[in-house]
Amino acid sequence: MVTSPTASRRPSWAGRNYTLLTAAAIITNLGGHGALIAAAFAVLDAGGDSGDVGLVAAARTLPLVLFLLIGGAVADRLPRHHVMVAANTLNCVSQAAFAAVVLAGDPQLWQMMLLTALGGTGQAFFGPASEGMLLSSVTGEQAGRAFALYRMAMQGAGLGGAALGGLMVAVIGPGWVLAVDAVAFAAAGALRAFLDVGHIPRRAPGGGLLADLRDGWREVVGRPWLWSIVAQFSVVVAVVGAAESVFGPLVAEDELGGAGPWGLALGAFGAGTVGGALLMMRWKPRRLLFAGTLCVFPLAAPSAALAVPLPVAGLAAVMFVSGVAIEVFGVSWMTAMHQEIPEEKLSRVSAYDWFGSVAMVPLATALAGPAEQAFGRSASLWGCAALVVVVTAAVLLVPDVRNLTRRTQAVVAAEGPAGSVGPGAGATPADAVVSEKPSA
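Residues numbered from 1 in each chain as written. Predicted model: local features only at pLDDT ≥ 70, side-chain atom pairs only at ≥ 80, totals over all residues. Heavy atoms only, no water.

1. A look at the overall build of the chain
Rules: Put simply, DSSP H or I for four residues or longer makes a helix, DSSP E for two residues or longer makes a strand, and each gets a number counted from the N terminus. When accessible area is computed with a 1.4 Å probe and restricted to protein chains, residues below 20% of their type maximum are described as buried, those above 50% as exposed, and intermediate ones as partly exposed. Should any heavy atoms of two residues lie within 4.5 Å, those residues are counted as being in contact. Surface exposure here means Shrake-Rupley accessible area, sampled with a 1.4 Å probe, where a residue is shielded only by the protein chains that are shown.
Counting secondary structure elements, the chain contains 17 helices and 0 strands. Across the 440 residues that make up the chain, the buried fraction comes to 56%. Contacts in the chain between residues far apart in sequence, at least 24 positions, make up 90% of those at least 6 positions apart. Total accessible area computed for the chain in this model is approximately 17,100 Å², and 68% of it derives from carbon and sulfur atoms.

Now the structure itself:
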């Protein structure tokens, strides 16, 4: 039998779905990271201030919070790739319209908020479906390595997208960067249409949407390591999001020279995540959640660096280190979800995970401007850094977070009790689990 060179070079765990998901993630991250910069500078170019930037950022996250749980239940009911393609279509249309109003000149704040909100709605349905699809596409002991490689490719694209996006915003303006992101969503959606869900068992009829949501909730609250880290990240993601989406562009505009330097700093963070993923391709810490949680502390550093503020080189170095650190946590969190959550409930549990992570982001971004006016920009940023340190230290008090360890094989049975995380995982024996958290 003759084997093609391409097939022989591809690892056994990198199947068709995994390959398509990785390629699509590269495309959307190339466009999406530049678009985040473009959206902030589109508001500033239209005469907006820090409060307006915060309102537009909050407009994206609010529908994400409102529809995430529904999106997770829908993704466990319908073919996940259909949900992903529909969400990509909505994102494509909303970003194309956003680009059009910016390029036409004099975009109104309400227009930018509305179109950004449509993008957030698409993400609410896409996120749980995407994570469930990815987690179900990998099997065996190499799951951690597969997730690390996926994230390395995704974050590498984010690195290029942020650096190129910042440059493009400075050279040709934010409208064209938003247009490129719309094209990226169209291309990624076309790839995701070819995903195969034949390996996913059909769900038995019965139960409704609310029953599905209750079932997902029981899965979450029955696992102390899961709900405690979700609660931790509800604060971490909120304050980091406010620092990077609101204060970051403002500091760049006032102190660092504009969009280009800020794009470079975000690119350094992306480079760090690539380095962290490379590290996790080889390193398999035994107590994964403990190692991962320790690596959340460096997420306080970028807020502190912006508070000083450090020069561009110093800020880029801090962003690089925080990128490495969060990727260690990320791969660990994803592996735990893959190992411990029944396949048919992956999207629902992922939805609660995402919901907890982003629930406070609209409030934090909307309050960023008023906080700056009340306390000053530097004091607000120092407050963001302090909150990251405090909640991360608190979650280390949970025994399961400290003691949860790696398994060599998946053990969760779908029919197990909601409070169980497989043999020994809840009791944190020496052969428990790993887990990875998605970025919001």
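2. Remarks on the pattern of salt bridges
Note the threshold: Each salt bridge in this description consists of a side-chain nitrogen of Lys or Arg and a carboxyl oxygen of Asp or Glu lying within 4 Å of one another.
Counted under the stated rule, the structure contains 8 salt bridges. One salt bridge in this structure joins Arg 77 and Asp 212, with 2.6 Å as the shortest N-O distance. In this pair, Arg 77 is assigned in helix 3 (residues 50–77) and Asp 212 in helix 8 (residues 209–221), connecting sequence segments 135 residues apart. As a salt-bridge pair, Arg 348 and Asp 212 come within 3.7 Å of each other at their nearest N and O atoms. Within this pair, whereas Arg 348 is found in helix 14 (residues 346–358), its partner Asp 212 is found in helix 8, the two being separated by 136 residues in sequence. Of the two residues examined, Arg 348 and Asp 212, each falls in the buried class.

3. Some words on a nonpolar patch on the surface
Applicable threshold: Nonpolar side chains (Val, Leu, Ile, Met, Phe, Trp, Tyr) are joined into patches within 5 Å and like charges within 9 Å, using only residues with over 30% relative accessible area and no salt bridge.
A surface patch of nonpolar side chains, amounting to about 610 Å² of accessible area, comprises Leu 103, Leu 164, Leu 167, Val 171, Ile 172 and Trp 176. Examining the composition of the nonpolar patch, we find that 4 residues originate from one element, helix 6 (residues 143–172), more than from any other. You can see Leu 167 is positioned in helix 6.

4. Quick notes on the side chain of Arg 151
Structurally, Arg 151 can be placed in helix 6. Take Arg 151: its relative accessible area is 3%, and that puts it in the buried class.

5. Some thoughts on empty space enclosed by the protein
Note the threshold: Grid spacing is 1 Å over the protein atoms alone, the probe is 1.4 Å, and a cavity is where that probe fits but cannot get out, while a pocket is an open set with protein on both sides within 12 Å along at least five of seven lines and lining residues have an atom within 4 Å of a point. Grid points are joined across faces, edges and corners, and a volume is the space filled by probe spheres set on the points.
This model, assessed by the stated rule, comprises 2 cavities of 30 Å³ or more. Space inside the second largest cavity adds up to approximately 60 Å³. If you trace the second largest cavity, you find 11 residues lining it, with Gly 144, Met 280, Lys 284, Val 331 and Arg 406 closest to the centre. Within the residue set of the lining of the second largest cavity, elements represented by two or more residues are helix 6 and helix 13 (312–340).

6. Overview of the packing of helix 6 against helix 13
Here is the rule we go by: In this analysis an axis means a line fitted to C-alpha atoms, helices contributing only their contacting stretch, and an angle means the value between N-to-C directions, from 0 to 180 degrees. Relative orientations are named as follows: roughly parallel for angles under 35 degrees, roughly antiparallel for angles over 145 degrees, roughly perpendicular for angles from 65 to 115 degrees, and oblique for any other angle. Throughout, a crossing is termed right-handed when the near helix is turned clockwise from the far one, and left-handed when it is turned anticlockwise from it by less than a right angle.
Closest axis-to-axis distance for the helix 6/helix 13 pair is 9 Å, and the angle between their directions is 130 degrees. Judged by the inter-axis angle, helix 6 sits oblique to helix 13. Crossing geometry of helix 6 relative to helix 13 is assigned as right-handed. Contacts between helix 6 and helix 13 involve Ala 143, Gly 144, Phe 147, Ala 148, Arg 151 and Gln 155 from the former and Glu 327, Gly 330, Val 331, Met 334, Thr 335 and His 338 from the latter.

7. Regarding the confidence of the model for the chain
Note the cut-off: A score from 0 to 100, pLDDT tells how confident the predictor is in each residue.
Here the chain averages 80 in pLDDT, while 86% of its residues score no lower than 70. The weakest mean pLDDT in the chain belongs to helix 1 (residues 5–9) at 48; the strongest belongs to helix 16 (residues 377–395) at 93. The low-confidence segment residues 1–8, where pLDDT is below 50, has 1 contact with residues more than four positions distant or belonging to other chains. Here residues 410–440 scores under 50 on pLDDT; set against residues more than four positions off or in separate chains, the count is 115 contacts.

8. Structural notes on the packing of aromatic side chains
For clarity, the threshold we go by: In summary, the pairing rule links any two rings of Phe, Tyr or Trp, Trp by its six-membered ring, whose centres are within 6.5 Å, and it sorts them by plane angle into stacked for under 30 degrees, edge-to-face for over 60 and tilted for everything else. Charge-over-ring contacts are defined here by two conditions on Lys NZ or Arg CZ: a distance within 6 Å of the ring centre and an angle within 35 degrees of the ring normal.
This model, assessed by the stated rule, comprises 5 aromatic pairs. Ring centres of Phe 329 and Trp 333 lie 6.0 Å apart, and the angle between their planes is 20 degrees; on these two criteria the pair is classed as stacked. Of this pair, Phe 329 and Trp 333 both sit in helix 13, 4 residues apart, which is roughly one turn of the helix. Each member of the pair Phe 329 and Trp 333 is classed as buried. Put simply, the rings of Trp 225, Phe 233, Phe 329 and Trp 333 pair up and form one aromatic cluster. Here the basic side chain of Arg 287 rests over the ring of Phe 290, its NZ or CZ set 4.5 Å away from the ring centre.

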